[in-house]
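Below, each chain spelled out in residue letters.
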Amino acid sequence: VEFEASLYWSDEIGLHLPTDNFQSMLVAGAKRVKLGRQIAAAQVDHPIGFPLVTEGHTNLAAIKGNHRLRFSKLCNVNNRRVLRTRCMIPTGWTCDFDIELETEGMDADQLEEILHLCGAKVGLGDWRPGAPKVPGTFGKFVVEKFAATK
């Protein structure tokens, strides 16, 4: 049950990363380079999120049945050791997303710098390097393509 609850699933787009996760990641990354206020110029605006493309990402039954996508770890919860199981997407996933940028507050080069920093130091999802309570090594990514459009 906990594994299924950790999935970001939408019947419309399948396995995905929620919009809020992207926006929070951008804020955390911007604060690291003293651009916390300016990051308000960059908005991730999508009602659900962006598809997380990996093997079987549009087939919920296949995801639930794939034990390679499960990561279990003992955690402290109320001073007790509890086994937690989360969805873990193996290396090789991709995700294309759009960010609307008001160039009066920040330029595209600054945004690109923040995204590269986010990939290496902040991350996305549970047990990411930038997690406030329990940082980990998951959720890191590499920006393969950054394109500013008008």
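Residues numbered from 1 in each chain as written. Predicted model: local features only at pLDDT ≥ 70, side-chain atom pairs only at ≥ 80, totals over all residues. Heavy atoms only, no water.

A. Just the environment of Pro51, in detail. Secondary-structure assignment places Pro51 in strand β4 (residues 49–51). A residue is classified by how much of its surface remains accessible, and Pro51, at 31% relative accessible area, is partly exposed. When the C-alpha positions of Pro51 and Phe97 are compared, they lie 8.5 Å apart, and in sequence the two are 46 residues distant. If we skip the residues at most four places from it in the chain, Pro51 touches Ile13, Leu15, His16, Thr94 and Cys95. (Helix = DSSP H or I, 4+ residues; strand = E, 2+ residues; numbered from the N terminus. Buried < 20%, exposed > 50% of the residue type's maximum accessible area, 1.4 Å probe, protein only. Contact = heavy atoms within 4.5 Å.)

B. Quick look at helix α4 (residues 108–122). Within α4 the residues assigned to the buried category are Leu111, Ile114, Leu115, Cys118, Gly119 and Val122. End-on, the buried residues of α4 take up no more than an arc of 135°, which puts them together on one face. Looking one or two residues past α4, Gly123 carries a phi angle of roughly 80°, positive in sign. (Arc of directions from axis to C-beta.)

C. Here's a closer look at helix α2 (residues 19–32). Taking 1.5 Å of rise per residue, 14 residues should cover 20 Å, and α2 covers 21 Å from first to last C-alpha, within 8% of that figure. Buried within α2 are the following residues: Thr19, Asn21, Phe22, Gln23, Met25, Leu26, Gly29 and Ala30. Buried residues along α2 sit in contact with β2 (14–18), β3 (42–43), β4 and α4. The positive-phi residue at the C-terminal boundary of α2 is Lys34, with phi of around 60°. (Expected span 1.5 Å × (residues − 1).)

D. Highlighting a negative patch on the surface. Together, Asp45, Asp96, Asp98, Glu100, Glu102 and Glu104 give the surface a local cluster of negative charge. With respect to the secondary-structure elements, Asp96 resides in the loop between β6 (80–87) and β7 (100–101). For Asp96, a relative accessible area of 70% corresponds to the exposed category. (Patch = residues over 30% accessible without salt bridge, like charges linked within 9 Å, V, L, I, M, F, W, Y side chains within 5 Å. Areas by Shrake-Rupley, 256 points an atom, 1.4 Å probe, with all protein chains shown as cover. Salt bridge = Lys/Arg side-chain N within 4 Å of Asp/Glu carboxyl O. Lys, Arg positive; Asp, Glu negative; His and termini not counted. Charge placed at Lys NZ, Arg CZ, Asp CG, Glu CD.)

Worth remembering: the numbers are spatial, not functional.
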